[in-house]
Every structure is written in C-alpha cells, then in structure tokens.
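Spelled out, the chains give:
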Amino acid sequence: MDAVNRLVEQKPLVIFTKSSCCMSHSVQQLISSYGANATIYQLDKLPNEEEIEKALQRLGLNPSVPAVFIGQQFVGGAKEIISMQVQGTLTSMLKEAGAIWV
C-alpha cells in the first residue's frame with residue numbers, strides 16, 4: 001500500500017489503468033470531459049506492477065483497474081465513478097480536490 005500512497009500523494013487526481021482495459025479508457029475520458037487533468041499510471045508499464053495491483057485489490061477492486069483517487073482519497077473503480085457522475089457528486093469532489101477550477 002505504501003507504493004500506492006507514494007504515487008497519489010500531492011496529486012489532486014490519480015487514475016491507475018492498464019493499456020488493455022477499455023473501462024480504464026472510458027473513465028479517463030469521462031473525467032477529462034470535466035476539464036480535469038489526471039495523473040495516469042498504467043500498471044503494465046510500471047516496474048512494480050504486481051505490488052501496486054495487489055495493493056489495489058486489497059482496497060476491494062476486482063479487477064484492479066481502473067482505480068481512481070481524488071484528493072488522495074480512494075474513490076473506487078468505474079462503477080463508483082459512473083454512479084457519482086449520475087448522482088451529480090463527481091463535479092463537487094473534483095472541485096474540492098483542486099482537480100478542476102470551474
């Protein structure tokens with residue numbers, strides 16, 4: 001979990017993805033449509049991919065990506081992000097974290 005914490009600290013918006021994951025791409029597109037510029041970590045391109053993937057799974061994600069952190073807080077995967085968007089809470093959370101300014 002320390003590896004994940006180091007990657008998300010001091011960043012308003014972080015998304016862990018895999019290059020082959022279509023849901024990761026969809027979540028990235030959804031969040032960027034709000035004008036947010038996320039820090040993206042593609043697990044399959046990181047040297048410690050296995051360690052990070054296991055840490056994300058311990059957070060309750062299966063599959064492990066996409067994994068979204070807003071304001072250093074673990075928010076969830078695609079299901080949670082889409083639910084927040086439908087409920088209208090995603091914008092305010094992105095604003096509070098400093099990921100968007102509008």
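Along each chain, the written sequence defines residue order, and numbers are assigned to residues from 1. Only residues with pLDDT of 70 or above have their local features reported here, since the model is predicted, and side-chain atom pairs are shown and tallied only from 80 upward, although totals for entire chains, interfaces and linings are computed over all residues. The side-chain quantities take in all heavy atoms of the structure and omit both hydrogens and water.

Where an unreviewed UniProt entry is consulted, the protein appears under the name Glutaredoxin domain-containing protein, with the organism given as Saponaria officinalis. UniProt positions are given in the numbering used here, feature names are shortened, and annotations may be inferred rather than shown by experiment. Here is the UniProt Sequence similarities (unreviewed entry) comment for the protein, exactly as written: "Belongs to the glutaredoxin family. CC-type subfamily." UniProt, in the comment section headed Subcellular location (unreviewed entry), describes the protein in these words: "Cytoplasm".

Colleague: I'd like a rundown of the packing of aromatic side chains, residues and numbers included.
Modeller: The description of an aromatic ring pair rests on the distance of the ring centres and on the angle between the ring planes. Ring geometry is summarised as follows: Phe, Tyr and Trp rings, the Trp one being its six-membered ring, pair when their centres sit within 6.5 Å, and such pairs are stacked at plane angles under 30 degrees, edge-to-face over 60 and tilted between the two. Under the criterion given, the structure shown has three aromatic pairs. Aromatic side chains Phe16 and Tyr41 sit 5.5 Å apart centroid to centroid with 25° between the ring planes, which places their arrangement in the stacked category. Here Phe16, found in strand S1 (residues 13-17), pairs with Tyr41, found in strand S2 (residues 39-42); they are 25 residues apart in sequence, far enough to count as distant. Of the two residues examined, Phe16 and Tyr41, each falls in the buried class. Taken together, a centroid distance of 5.3 Å and an interplanar angle of 55° make the contact between Phe69 and Phe74 tilted. Its relative accessible area of 3% is what places Phe69 among the buried residues. By relative accessible area, Phe74 is classed as partly exposed at 25%. Grouping aromatic residues by their ring pairs yields a cluster made of Phe16, Tyr41, Phe69 and Phe74. Each helix corresponds to a stretch of at least 4 residues labelled H or I by DSSP, and each strand to a stretch of at least 2 residues labelled E; elements are numbered beginning at the N terminus. Accessibility here uses a 1.4 Å probe with only protein chains present; expressed as a share of the type maximum, an area under 20% marks a residue as buried, one over 50% as exposed, and anything in between as partly exposed.

Colleague: Account for the environment of Leu43, naming residues and giving values.
Modeller: Here Leu43 shows up in the loop between S2 and helix H3 (49-58). Classification of Leu43 by relative accessible area gives buried; the value is 0%. Contacts are assigned to residue pairs that have any heavy atoms within 4.5 Å of one another. For Leu43, the residues in contact, after removing those within four places along its chain, are Phe16, Thr17, Lys18, Glu49, Ile52, Glu53, Leu56, Ser64 and Val65.

Colleague: Before we move on, could you go through a nonpolar patch on the surface and cite the residues and values that matter?
Modeller: Patch definition: residues with relative accessible area over 30% and no salt bridge; like charges joined within 9 Å; nonpolar side chains (Val, Leu, Ile, Met, Phe, Trp, Tyr) joined within 5 Å. All accessible-area figures derive from a Shrake-Rupley calculation using a 1.4 Å probe, and residue coverage is judged against the displayed protein chains alone. Think of a salt bridge as a Lys or Arg side-chain nitrogen and an Asp or Glu carboxyl oxygen that are within 4 Å of each other. Together, Met23, Ile82 and Val86 line one region of the surface with nonpolar side chains, adding up to about 270 Å² of accessible area. Looking at the secondary structure, you find Ile82 in helix H4 (residues 78-87).

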